[in-house]
Amino acid sequence: MDLRFSLTLPVKQGCHGLSVQVCSMGNSTSRLYSALAKTLSSTAAISQHQDYLDESEHEQLDPLDPKDLLEECQVALRERPARLHREFVSRADDFRGPHTFRVMQWNILAQALGEGKDNFIKCPMEALNWEERKYLILEEILMYRPDVLCLQEVDHYFDTFQPLLSRLGYQCTFLAKPWSPCLDVEQNNGPDGCAFFFLQDRFELVSSAKFRLSARTLKTNQVAIAEVLQCKETGRLLCFAVTHLKARSGWERFRLAQGSDLLRNLESVTQGAKIPLVVCGDFNAEPTEEVYKRFASSSLNLNSAYKVLSDDGETEPPYTTWKIRPTGESCHTLDYIWYSQHALKVNSALRLLTEDQIGPNRLPSFNYPSDHLSLVCDFSFNIGSDRLL
């Protein structure tokens, strides 16, 4: 396969439409991008009045080999610094049976916000160029090959993630924020939101629910997706949810109300915790916040995967996001993978980058595409947990 190419997909979507320009490439590599360009052209017909709450119809495209796409990403990134190595930490009693499944949680940083509003003063603008940054994001996903993928701040769903990941065998769902801050950025690519993906050779969709989170009686700008899946190998049911709560200090009670609303909805979806649950998200809340404590003490019997695999089994990582803005340095633990501890066991988790690996300019950077680190965990069912289903 000829891997020499020059890809440009400068997609600019504002409030009135979509324009696409794609440079052609020769040989087999071009099949991926010519099909993607075709998908992008069809996306131009999506009505702006749908508010991005419904899935768009895409043509069925040929499957992709994830190894081939990973190699293409690495070729495209050959001028960038080497990516940072991360290892998995496992439980002492870890046994990866045939029905283990991998979950990935990641706030990927909306392109419009990274370039336009977030103001990472130590990150060169060239490092945020979408034409290369998208390869860093895809490479991270392809390196760990999750069975279930939960993303936040996705503003390139229709032109990048849905067409590519569907060809890798994922079923895809997206829910935009009603008033996305991305739309305030000139030459944006539409609103950002939460996206959920699962491998169709591992799971089958049973039901899907989309929530606009409430704070008491007030509908808010934050959303969540919850889907009940059936494992094709075992027939067991699992519920997965993805969310992104309100950001910034001073909004702690607001986040608590949003989290409480999400828990109420998940109580219904899981039939009172009869269906095991995994909740992924950027909660914008440290472990000291009430919304964290509410999840830890809820009737859904949830535990935090990264806490369980810490040295003492009780401590969250020191950070999941680390950045420098004009207001100063920001190093916080905000991202979590919660799971039903009565039914599931977390077997291993991907270590976070060290301070030395991240470097003095923090995130994002030329070798890491987001200001949040990805979380990746392997789960299995507890013995006898099938009696709960």
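Analysis parameters
- Residues numbered from 1 in each chain as written.
- Predicted model: local features only at pLDDT ≥ 70, side-chain atom pairs only at ≥ 80, totals over all residues.
- Heavy atoms only, no water.
- Salt bridge = Lys/Arg side-chain N within 4 Å of Asp/Glu carboxyl O.
- Helix = DSSP H or I, 4+ residues; strand = E, 2+ residues; numbered from the N terminus.
- Buried < 20%, exposed > 50% of the residue type's maximum accessible area, 1.4 Å probe, protein only.
- Phe/Tyr/Trp six-rings, centres within 6.5 Å; stacked < 30°, edge-to-face > 60°.
- Lys NZ or Arg CZ within 6 Å of the ring centre and 35° of its normal.
- Pairing = 2+ DSSP bridges.
- Axes fitted to C-alpha atoms, helices over the stretch in contact; angles between N-to-C directions.
- Contact = heavy atoms within 4.5 Å.
- Core = buried A, V, L, I, M, F, W, Y, C linked by side-chain atoms within 4.5 Å.
- Left-handed = near helix turned anticlockwise from the far one by under 90°.
- Nonpolar A, V, L, I, M, F, W, Y, C, P; charged D, E, K, R; others polar.
- Arc of directions from axis to C-beta.
- Polar contact = N/O pair within 3.5 Å; in protein donor to acceptor, adjacent residues only side chain to side chain.
- 1 Å grid on protein atoms, 1.4 Å probe; cavity = no way out; pocket = protein on both sides within 12 Å on 5 of 7 lines; lining within 4 Å.
- Points joined across faces, edges and corners; volume = space filled by probe spheres on them.
- Parallel < 35°, antiparallel > 145°, perpendicular 65-115°, else oblique.

(A) A look at the pattern of salt bridges. Scanning the entire structure with this criterion turns up 17 salt bridges. For Arg 86, the salt bridge identified is with Glu 140, shortest N-O distance 3.2 Å. Taken as a pair, Arg 86 in the loop between helix 2 (66-76) and strand 3 (88-90) and Glu 140 in helix 4 (residues 130-144) lie far apart in primary sequence, 54 residues in all. We classify Glu 140 as buried; its relative accessible area is 9%. One salt bridge connects Lys 323 with Asp 371, and the closest N-O pair in it is separated by 2.8 Å. Taken together, the positions of Lys 323 in strand 13 (residues 321-325) and Asp 371 in the loop between helix 9 (355-358) and strand 17 (375-381) put the pair 48 residues apart, joining distant regions of the chain. Assigned by exposure class, Lys 323 and Asp 371 land together as buried.

(B) Representation of the packing of aromatic side chains. All told, the structure shown has 22 aromatic pairs when counted by the stated rule. Considering the side-chain rings of Trp 251 and Phe 254, the 5.1 Å spacing of their centres and the 85 degrees angle between planes classify their relative orientation as edge-to-face. What links up through ring pairs into an aromatic cluster is the set Phe 101, Phe 196, Phe 198, Phe 203, Phe 240, Tyr 339 and Phe 379. Geometry around Phe 381 places Arg 236 over its ring, the cationic atom sitting 4.3 Å from the centre. Its guanidinium or amino end placed over the ring of Trp 322, Arg 362 lies 4.0 Å from that ring's centre, counting from NZ or CZ.

(C) Spatial organisation of the sheet that holds strand 7 (residues 193-199). Across the sheet, which stays open at both edges, the seven strands sit in the order 3-16-17-4-5-7-6 with mixed pairing between neighbours. In this open sheet, the two strands that pair with only one neighbour each are strand 3 and strand 6 (170-176). Taken over all neighbouring pairs, the strand axes of this sheet differ in orientation by 20 degrees on average, direction set aside. Summarising the sheet, strand 6 and strand 7 pair through seven bridges and their orientation is antiparallel. Paired with Leu 175 across the bridge in strand 7 is Cys 194. Those strands touched by helix 5 (residues 157-167) are strand 5 (148-154), strand 6 and strand 7, and its axis lies near 160 degrees from that of strand 6.

(D) Main features of unusual backbone geometry. Residue Pro 364 is reached from Leu 363 by a cis peptide bond, and omega for that bond is -10 degrees. Examined against the element boundaries, Pro 364 turns out to sit in the loop between helix 9 and strand 17. One non-glycine residue with positive phi stands out, namely Arg 145, at about 45 degrees. Looking at where Arg 145 falls in the secondary structure, it is placed in the loop between helix 4 and strand 5. Despite not being glycine, Gln 187 shows a phi value in the positive range, around 60 degrees. Along the chain, Gln 187 falls in the loop between strand 6 and strand 7.

(E) Geometry of the pairing of strand 13. For strand 13, the tally of buried residues reaches four of five residues, placing the bulk of the element in the interior. As judged from the five bridges shared by strand 13 and strand 14 (residues 328-332), these two strands associate in the antiparallel manner. Paired with Lys 323 across the strands is Ser 330, a residue of strand 14. Hairpin connection from strand 13 to strand 14: two residues lie between these consecutive antiparallel strands.

(F) Quick peek at the nonpolar core. The biggest cluster of nonpolar side chains holds 75 residues, and the ones touching the most others in it are Phe 101, Phe 161, Phe 196, Phe 197, Phe 240 and Phe 379. If one sorts the elements of this core by residue count, helix 4 sits on top with eight residues. Among the nonpolar cores identified, the runner-up in size contains 25 residues, and Ala 241, Ile 275, Phe 283 and Trp 338 belong to it.

(G) Focus on the packing of helix 4 against helix 5. One can describe the packing of helix 4 onto helix 5 by two numbers: an axis separation of 12 Å at closest approach and a directional angle of 35 degrees. The chirality of how helix 4 crosses helix 5 is right-handed. For the pair helix 4 and helix 5, contact is made by Trp 130, Ile 137 and Leu 138 and by Thr 160, Phe 161 and Leu 164, respectively. Residue composition of the contact of helix 4 with helix 5, grouped by class: five nonpolar, one polar and no charged.

(H) Here's a closer look at helix 2. Three or more residues of helix 2 are buried, namely Leu 69, Leu 70, Glu 72, Cys 73 and Ala 76. Seen along its axis, helix 2 keeps its buried residues to an arc of 160 degrees; they face one direction. You can read the cap of helix 2 off the contacts: a side-chain oxygen lies 2.8 Å from the backbone nitrogen of Lys 67, and it is on Asp 65.

(I) Local environment of the layout of surface pockets. If you add up the space inside the largest pocket, you get close to 950 Å³. Lining the largest pocket are 35 residues, and of these Lys 246, Ala 247, Arg 248, Asn 284 and Arg 325 lie nearest its centre. Among the elements of the structure, strand 9 (218-231), helix 6 (252-269), strand 13 and strand 14 are those that each provide at least two residues to the lining of the largest pocket. Among the elements that take part in the lining of the largest pocket, strand 9 stands out by supplying five residues, more than any other. Looking at the lining of the largest pocket residue by residue, the classes come out as 10 nonpolar, 10 polar and 15 charged.

(J) Representation of the packing of helix 2 against helix 4 within the structure. At a minimum axis separation of 9 Å, helix 2 and helix 4 run at an interaxial angle of 140 degrees. The angle between the axes of helix 2 and helix 4 places the two elements in the oblique class. The hand of the helix 2/helix 4 crossing is left-handed. Together, Pro 66, Leu 69, Leu 70, Cys 73, Gln 74 and Ala 76 of helix 2 and Tyr 135, Leu 138, Glu 139, Leu 142 and Met 143 of helix 4 make up the contact between the two elements.

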